[in-house]
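Coordinate inspection notes
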Amino acid sequence: SGARPRNGRLEPALAHIHARWTVTKDSAMHDLWNAFVRAAELLWELDAALLEIIGLSLQVSLFAVCIAAVIGLPLGAWLALHRFPGRQICIVFVNAMMGLPPVVVGLFVYLVFSRAGPFGVFGLLFTPTAMIVAQVILVTPIIASLTRESLEGLWAEYDQTLRSLGASRLQS
């Protein structure tokens, strides 16, 4: 009785909510539910085309992360351990690149690999190679920034200890 208003308006409001959220055969929620059911069926049946897509996606991502690590780890270490004019600008640039929207990277890769672009003659647009390039552009700043941040902290903590044990500046 505490939840029911005195004027009897609760039932029409609940009916309106129920009508709005009920999944009917022609509703978008019905289509969404059917999509989830179909996706589950494809996964359960181990559909060959789906497994091929998943495999390609994992290959592209793994290869891109490996390339980004080869670029980003030394870059981050160099930024952490060397002092040079313009270092702070480089750090700001790497940190800003972490916020680069994937859509912008996609457009950049499209322009570079389209027929009118500088690498268009290679026909790499819409290939795994182009996907790897885009992911490398997105992941490298993250790896470089995390490496720089970690090494700066470690170097500040252990530099004096290593030097007292006889290590040179390059070794420490």
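See above for the structure.
Residues numbered from 1 in each chain as written. Predicted model: local features only at pLDDT ≥ 70, side-chain atom pairs only at ≥ 80, totals over all residues. Heavy atoms only, no water.

Quick look at the packing of helix α4 (residues 87-97) against helix α6 (residues 128-164)
- Packing of α4 against α6 leaves a shortest axis separation of 8 Å and a crossing angle of 130°. Classed by the angle they form, the pair α4 and α6 counts as oblique. Considering the relative orientation of α4 and α6, their crossing is left-handed. Residue-level contacts link Arg87, Ile91, Val94, Asn95 and Met97 of α4 to Pro141, Ala144, Ser145, Arg148 and Glu152 of α6. (Axes fitted to C-alpha atoms, helices over the stretch in contact; angles between N-to-C directions. Helix = DSSP H or I, 4+ residues; strand = E, 2+ residues; numbered from the N terminus. Parallel < 35°, antiparallel > 145°, perpendicular 65-115°, else oblique. Left-handed = near helix turned anticlockwise from the far one by under 90°. Contact = heavy atoms within 4.5 Å.)

Let's talk about the nonpolar core
- The biggest cluster of nonpolar side chains holds six residues, and these are Val105, Val109, Val112, Phe113, Ala130 and Ala134.
- In terms of residue count, the dominant contributor to this core is helix α5 (residues 102-113) (four residues).
- Ignoring anything within four residues of it in the chain, the contact list for Ala134 reads Val105 and Val109. (Core = buried A, V, L, I, M, F, W, Y, C linked by side-chain atoms within 4.5 Å. Buried < 20%, exposed > 50% of the residue type's maximum accessible area, 1.4 Å probe, protein only.)

Considering the layout of surface pockets
- Estimated volume of the largest pocket: approximately 150 Å³.
- Considering the residues around the largest pocket, the lining is formed by Ile71, Leu75, Phe93, Val94, Met97, Val136, Ile137, Thr140, Pro141 and Ala144.
- Elements supplying a minimum of two residues to the lining of the largest pocket: α3 (48-81), α4 and α6.
- Element by element, the count of residues in the lining of the largest pocket is highest for α6, at five residues.
- Residues belonging to the lining of the largest pocket are distributed by class as follows: nine nonpolar, one polar and no charged. (1 Å grid on protein atoms, 1.4 Å probe; cavity = no way out; pocket = protein on both sides within 12 Å on 5 of 7 lines; lining within 4 Å. Points joined across faces, edges and corners; volume = space filled by probe spheres on them. Nonpolar A, V, L, I, M, F, W, Y, C, P; charged D, E, K, R; others polar.)

Details of the pattern of salt bridges
- As enumerated under the stated definition, the model contains four salt bridges in all.
- One salt bridge in this structure joins Arg87 and Glu152, with 2.2 Å as the shortest N-O distance. Within this pair, whereas Arg87 is found in helix α4, its partner Glu152 is found in helix α6, the two being separated by 65 residues in sequence.
- Overall, the relative accessible area of 11% leaves Arg87 in the buried class.
- By sharing partners, the salt bridges in this structure join Arg87, Arg148, Glu149 and Glu152 into a single network. (Salt bridge = Lys/Arg side-chain N within 4 Å of Asp/Glu carboxyl O.)

Here we look at the side chain of Ser114
- Locating Ser114 in the fold gives a position in the loop between α5 and α6.
- Accessibility expressed as a relative area gives 11% for Ser114, which makes it buried.
- The residues touching Ser114, leaving out its near neighbours within four places in the chain, are Gly120 and Leu125.

As for unusual backbone geometry
- Phi is positive for Leu46, which is not a glycine, with a value near 50°.
- Its identity is not glycine, yet Phe126 carries a phi of approximately 65°, on the positive side.
- Classification of Phe126 as exposed rests on a relative accessible area of 74%.

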